[in-house]
Amino acid sequence: MPEHTGPAYDPLQPGEGEAIAPTGQGGPMDLALDEAESLEKTLGDATTGPGPQEKPRSLWSDAWHQLRRNPVFIISSLMILFLVIISIWPQLIASGDPLQCDLSKSQQGSSPGHPFGYDTQGCDVYTRTVYGARASITVGVCATLGAALLGSLLGGLAGFFGGWGDALLSRVADIFFGIPVVLGGLVFLSVVTSTTVWPVVGFIVLLGWPQIARIGRGSVITVKQNDYVQAARALGAGNGRMMLRHVAPNAIAPVIVVATIALGTYIALEATLSFLGVGLRPPTVSWGIDISNAASQIRNAPHMLLWPAGALSLTVLAFIMLGDAVRDALDPKLR
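Here the structure is a predicted model, which means the values were calculated and not measured.

Reading the values: the criteria
Residues numbered from 1 in each chain as written. Predicted model: local features only at pLDDT ≥ 70, side-chain atom pairs only at ≥ 80, totals over all residues. Heavy atoms only, no water. Axes fitted to C-alpha atoms, helices over the stretch in contact; angles between N-to-C directions. Helix = DSSP H or I, 4+ residues; strand = E, 2+ residues; numbered from the N terminus. Parallel < 35°, antiparallel > 145°, perpendicular 65-115°, else oblique. Left-handed = near helix turned anticlockwise from the far one by under 90°. Contact = heavy atoms within 4.5 Å. Buried < 20%, exposed > 50% of the residue type's maximum accessible area, 1.4 Å probe, protein only. Phe/Tyr/Trp six-rings, centres within 6.5 Å; stacked < 30°, edge-to-face > 60°. Salt bridge = Lys/Arg side-chain N within 4 Å of Asp/Glu carboxyl O. Disulfide = S-S within 2.5 Å. pLDDT = per-residue confidence, 0-100.

### Overview of the packing of helix H4 (residues 125-161) against helix H5 (residues 163-177)
Stage number 1. Relative to each other, H4 and H5 sit at 140°, their axes nearing to 7 Å. By the criterion of interaxial angle, the relationship of H4 to H5 is oblique. Regarding H4 and H5, the two cross each other, and that crossing is left-handed. For the pair H4 and H5, contact is made by Leu 154, Gly 155, Ala 158 and Phe 161 and by Gly 163, Gly 165, Asp 166 and Leu 169, respectively.

### Looking at unusual backbone geometry
Stage number 1. Pro 282 connects to Pro 283 through a cis peptide bond whose omega is 10°.
Stage number 2. Looking at where Pro 283 falls in the secondary structure, it is placed in the loop between helix H10 (253-275) and helix H11 (287-294).
Stage number 3. Not every positive phi belongs to a glycine, and Gln 107 is a case in point at roughly 60°.
Stage number 4. Position of Gln 107 relative to the elements: it lies in the loop between helix H3 (71-88) and H4.
Stage number 5. Residue classification places Gln 107 among the partly exposed residues on the basis of a relative accessible area of 25%.

### Concerning the packing of aromatic side chains
Stage number 1. What the rule picks out here adds up to six aromatic pairs.
Stage number 2. Measuring from ring centre to ring centre gives 3.8 Å for Phe 116 and Trp 307, while their planes differ by 5°; the resulting arrangement is stacked. Of this pair, Phe 116 sits in the loop between H3 and H4 while Trp 307 sits in helix H12 (residues 303-330), placing them 191 residues apart in sequence.
Stage number 3. Taking relative accessible area as the criterion, Phe 116 reaches 16% and is therefore assigned buried.
Stage number 4. Measuring from ring centre to ring centre gives 5.6 Å for Phe 176 and Trp 209, while their planes differ by 65°; the resulting arrangement is edge-to-face. Highlighted residues: Phe 176 in helix H5 and Trp 209 in helix H7 (residues 198-223), separated in sequence by 33 residues.
Stage number 5. Here Trp 209 falls in the buried class, since its relative accessible area comes to 7%.
Stage number 6. Through successive ring pairs, a cluster of aromatic residues spans Phe 116, Tyr 126 and Trp 307.

### Some details on the pattern of salt bridges
Stage number 1. One pass over the structure, following the stated rule, counts six salt bridges.
Stage number 2. Between Asp 166 and Arg 217 there is a salt bridge whose closest N-O contact spans 2.5 Å. Of this pair, Asp 166 sits in helix H5 while Arg 217 is found in helix H7, placing the two residues 51 residues apart along the sequence.
Stage number 3. Of the charged contacts, one joins Asp 324 and Arg 327 as a salt bridge, the two residues approaching to 3.9 Å between their closest N and O atoms. With Asp 324 and Arg 327 both in helix H12 and three residues apart, this pair spans about one turn of that helix.
Stage number 4. Asp 324 sits in the partly exposed class, given a relative accessible area of 27%.

### Brief notes about the state of the cysteines
Stage number 1. Counting across every chain of the model gives one disulfide.
Stage number 2. Cys 101 shares a disulfide with Cys 123; S-S distance 1.6 Å. Disulfide Cys 101 to Cys 123: torsion about the S-S bond roughly 65°, handedness right-handed. With Cys 101 in the loop between H3 and H4 and Cys 123 in the loop between H3 and H4, this pair connects stretches of sequence that are 22 residues apart.

### Overview of the environment of Phe 319
Stage number 1. Assignment of secondary structure puts Phe 319 in helix H12.
Stage number 2. Residue classification places Phe 319 among the buried positions, given a relative accessible area of 6%.
Stage number 3. Residues Phe 319 and Ile 267 lie 52 residues apart in sequence; the distance between their C-alpha atoms is 9.6 Å.

### A word on the confidence of the model for the chain
Stage number 1. Chain-level statistics for the chain give a pLDDT mean of 82 and a share of 81% at 70 or above.
Stage number 2. Averaged pLDDT values over the elements of the chain bottom out at 50 in helix H1 (residues 28-48) and peak at 93 in H3.
Stage number 3. Every residue in residues 14-22 scores below 50 in pLDDT, and together they form eight contacts with partners more than four places removed in sequence or on other chains.
Stage number 4. A low-confidence stretch, residues 28-33 (pLDDT under 50), is modelled with eleven contacts involving residues beyond four sequence positions or located in other chains.

Structure (structure tokens):
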């Protein structure tokens, strides 16, 4: 008999042009068809990829998503918002004049309409505490912006181009790092006669930019070695385009974190210099000035010291908490 060389017939396999149809009996064939349809749907979903609502988030959107869920960020942001509002419009919660004093009420305690009592000159401590936020917030914000802009610009250029400019910046920064901050303030500000905030802001920027420049330099050196920067260079992108489009947006996060934490430090530094008599000076209303005037009377009238010192501590704490929250959100290693 002739040998049959074709494939053996399998009743479960379809022939040419035929499709398997369910039998409706719930047998093995129907179970196999159900499993095949489920596998086909799974593979189809995997190949189509995520929908528009599942689009991957960028670093900044992911950081904002983390910050909105962080109670430390929410609390510190509300505190800072309140401080900014009263520094711009202190009359919203204080109707008195911080420079109006009555010696007959010197060092008196709390009374109706004057919850914080009076200082040595008979000035309302509550009003001076509220108005003192303006000078401290102004110094902190302006000094932080100046140090961040100058430091990130010099550090970014030095890290991107390298060479002798990088070496020169590093040596200049080392010189500024060797200057004690308080001693430098005593020497620099003692010869200044202005009673405005700008000499203090200029001094803090002068000693604050090297720290941010070093952070920015290291971040730029790390970013410029990434593949996308090398690809942009290979495609003919100029130095300016690479700096603005590829390097700066990805290297600015550490600078923002350091600047946010430094803002609270700069406010404390202003109060320290004002306490020593070389920072802000009367008639400017400052927490450092009030703390300096109250230090000698802490036993007789402790309220003169506690309220401005407490306001200063809460302000510095709020900015440090904000900086910690921003650092946790921008650094994936800390999640």
